[in-house]
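Listed here are the chains, written in short residue letters.
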Amino acid sequence: MNDKIPRQYLAATYRQYPIMPIEGKGCRLIDRQGKSYLDLTSGIGVNVFGYGNNDWQQAMIKQIYRLTHCSNLFLNEQAIECARLLCEKTGCERVFFANSGAESNEGAIKAARKYSHDRYGENRSEILTLTNSFHGRTITTLSANGQSVFHQHYMPFTEGFQHVYTNDINDFKHKLSSRTCAVMLELIQGEGGVNELTPAFVNEIQAICKERDILLIIDEVQTGIGRCGSLFLYEQYHLTPDIVTCAKGLGGGLPIGAVLFFHKTKDVFQQGDHGSTFGGNMLSCTSAIYVLTHLNEKLYRDIRENGIYFKQELLKCPHVEAVSGRGYMLGIRFDRPFAQHIAHRCMENNLLVTTAKNHIRLLPPLVLTRAEIDEAVTILKGILNTEP
Ligand SMILES: Cc1ncc(COP(=O)(O)O)c(C=O)c1O
């Protein structure tokens, strides 16, 4: 049946699993043949409260009946409230709303360059990012990505990025120069294979940045909004960033991105400096308000504890060499390069997982229970047991 889906109308940019989910409840997705799957992908880290959440649906319906969009020509109650919540919960002082992670990072990059230009003039616009990093797919964020696979086809790319070897402070110091205006980091690299940055590396970077008035940008598009067991992962690293970007889980299923400006950067953007037609969209912001007011300390603690439990159980499976990540952002490394094959076998066995490089990557809804973890591990173990 799925083979008859007329895919030819869509740009062929994605390698897609041959299933078409049409509804969901909790952490389960149901495809159009009625087959139910335990979903450990949550729309790549988006559906933080799972599927079919009645309270969320009611909040959305109420807003749809009022207004969904007016643009930034007018004041917008939902955008103001959503920004207020982000400021109150993080200590940031202003928020710019975008529509995706890449756009949020574009906003952060523009703000960092403007901050530097306003104070130091030209020739101080370089941004350091890390090898294996992923910040998006716009022409500028492709340049930021520290993976050569993204630096093909679309020349000329945006200039002004240097890539530092991950967790190598000497390389960082070597690439730092009088031209550097900012450093942009994912504290756990998601697409790059769930690689954790060491606190020592990040702390030293922060100290150097503060000393030289270089901005520290933390890309929390994947790690943020509860995913690693706190609203943002920089909290667990005890950092005081200048700019934080987020998206994915913030909208809980609707598209939204945000750039959080802390004290130093709060007034960089002035009228006309940046914008987006859909930025601060009323429906997306209503959804983000729902997410921000329903995340809580108990859920964060559960995510942290369940993440540790999940790791321990996964490490008991055959072929599993290591499990990286924190909370509900986990990467499984095997003793052979067969993550894609295992992901397909999982799907055939009603378990949905994603991959990152040669890892299975798990990004479940944040409401995943211990019983569901056990169920997932049982399925995975069963599959791995049959692999030679
Ligand atoms: C860390 C990080 N930054 C940026 C992005 C880009 O986000 P989007 O796909 O919403 O543009 C992603 C997407 O996976 C991401 O993981």
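Everything discussed here concerns the structure shown above.
Residues numbered from 1 in each chain as written. Predicted model: local features only at pLDDT ≥ 70, side-chain atom pairs only at ≥ 80, totals over all residues. Heavy atoms only, no water.

So, the overall build of the protein chain
Counted only if it meets this: Every helix listed is a DSSP run of H or I at least four residues long, and every strand listed is a run of E at least two residues long, numbered separately from the N terminus. Just to be clear, the radius of gyration here is over C-alpha atoms, and the globule rule we use is 2.2 Å times residues to the power 0.38. The buried label goes to any residue with under 20% of its type's maximum accessible area, the exposed label to any with over 50%, and the partly exposed label to all in between, with areas taken from a 1.4 Å probe on protein chains only. Pairs of residues are marked as contacts when any of their non-hydrogen atoms sit within 4.5 Å. The Shrake-Rupley method, run with a 1.4 Å probe, gives the accessible areas here. Residue values count only the displayed protein chains as cover. Within this scheme the basic residues Lys and Arg register as positive and the acidic residues Asp and Glu register as negative, but His and the chain ends are omitted. Taken as the charge location is NZ of Lys, CZ of Arg, CG of Asp or CD of Glu.
When helices and strands are tallied, the protein chain shows eleven helices and 17 strands. Expected size for 388 residues packed as a compact globule is a radius of gyration near 21 Å; at 21 Å, the protein chain falls within 12% of this value. With the principal axes as the frame, the protein chain shows a C-alpha extent of 60 × 55 × 45 Å. Scored against the burial criterion, the 388 residues of the protein chain give a buried share of 54%. In the protein chain, once contacts between residues fewer than 6 apart in sequence are set aside, the share between residues at least 24 apart is 72%. Carbon and sulfur atoms provide 53% of the accessible area of the protein chain, an area that totals close to 17,700 Å². Separation of charge centres in the protein chain, based on 40 positive and 40 negative side chains, amounts to 2 Å.

Things to note about the site of the ligand
Defined as follows: Any residue with a heavy atom positioned within 4 Å of a molecule or strand is treated as near that molecule or strand. In the analysis that follows, any N or O atom pair within 3.5 Å is treated as a polar contact, provided that within protein one partner can donate a hydrogen and the other can accept it, and provided that, for residues neighboring in sequence, both atoms belong to side chains. Classes in brief: Ala, Val, Leu, Ile, Met, Phe, Trp, Tyr, Cys and Pro nonpolar; Asp, Glu, Lys and Arg charged; the others, Gly included, polar.
In the vicinity of the ligand there are 13 residues, among which Gly-101, Ala-102, Asp-219, Gln-222 and Lys-248 approach most closely. Within the contact set of the ligand, an oxygen atom lies 3.3 Å away from a side-chain nitrogen or oxygen of Glu-191. Here Lys-248 contributes a side-chain N or O atom positioned 3.3 Å from an oxygen atom of the ligand. Top contributing element to the shell around the ligand by residue count: helix H4 (residues 101–120), with three residues. Class assignment for the residues of the shell around the ligand results in three nonpolar, six polar and four charged.

Observations concerning the side chain of Asn-145
Turning to its location among the elements, Asn-145 is positioned in the loop between helix H5 (139–144) and strand E6 (161–164). Owing to a relative accessible area of 0%, Asn-145 belongs among the buried residues under this scheme.

Considering the sheet that holds strand E15 (residues 351–352)
Threshold: By the convention used here, strands pair only if DSSP detects at least 2 bridges between them.
Taken in spatial order, the four strands make up an open sheet running E1-E2-E3-E15, and their pairing is mixed. Strands at the two margins of the open sheet, each flanked by one partner only, are strand E1 (21–25) and E15. Note: strand E2 (residues 28–31) against strand E3 (residues 36–39), three bridges, orientation antiparallel. Of the residues in E3, the one forming a bridge with Ile-30 is Ser-36.

Description of empty space enclosed by the protein
To be explicit about the condition: Only protein atoms enter the 1 Å grid used here. Points where a 1.4 Å probe fits but cannot escape make up a cavity, open sets with protein on both sides within 12 Å along at least five of seven lines make up a pocket, and a residue lines them when an atom lies within 4 Å of a point. Grid points are joined across faces, edges and corners, and a volume is the space filled by probe spheres set on the points.
Taken as a whole and judged by the stated rule, the model has three cavities of 30 Å³ or more. In this model, the largest cavity occupies a volume close to 50 Å³. Leu-40, Phe-310, Leu-314, Ile-332, Cys-346, Leu-351, Val-353, Ile-360, Leu-362, Ala-376, Val-377 and Leu-380 together form the lining of the largest cavity. Of all elements in the fold, only helix H9 (297–315), strand E17 (359–362) and helix H11 (370–385) reach the threshold of two or more residues within the lining of the largest cavity. The element best represented in the lining of the largest cavity is H11, accounting for three residues. Of the residues that constitute the lining of the largest cavity, the class distribution is twelve nonpolar, no polar and no charged.

Thoughts on the packing of aromatic side chains
For the record, the criterion: A pair of aromatic rings is counted whenever rings of Phe, Tyr or Trp (Trp by its six-membered ring) have centres within 6.5 Å, and the orientation is called stacked for planes under 30 degrees apart, edge-to-face for over 60 and tilted otherwise. Ring-over charges, as used throughout, are those where CZ of Arg or NZ of Lys falls within 6 Å of the ring centre and within 35 degrees of the ring normal.
One pass over the structure, following the stated rule, counts seven aromatic pairs. Here Phe-96 and Phe-269 contribute two aromatic rings whose centre-to-centre distance is 6.3 Å and whose plane-to-plane angle is 70°, an arrangement assigned as edge-to-face. You can see Phe-96 sitting in strand E4 (residues 94–98) and its partner Phe-269 sitting in the loop between strand E12 (257–261) and helix H8 (282–294), a full 173 residues away along the chain. Per residue, the accessibility class of Phe-96 equals that of Phe-269, and both read buried. Ring geometry for Tyr-234 against Phe-262: centres 6.2 Å apart, planes inclined by 90°, an arrangement best described as edge-to-face. Within this pair, whereas Tyr-234 is found in the loop between strand E10 (215–219) and strand E11 (243–246), its partner Phe-262 is found in the loop between E12 and H8, the two being separated by 28 residues in sequence. Each member of the pair, Tyr-234 as well as Phe-262, is classed as buried. The rings of Phe-96, Phe-261 and Phe-269 are connected pair by pair, giving a single aromatic cluster. Across from the ring centre of Tyr-120, 4.0 Å away, lies the NZ or CZ of Arg-124, which sits over that ring. The aromatic ring of Tyr-309 is capped on one face by Arg-370, whose charged end is 4.2 Å from the ring centroid.

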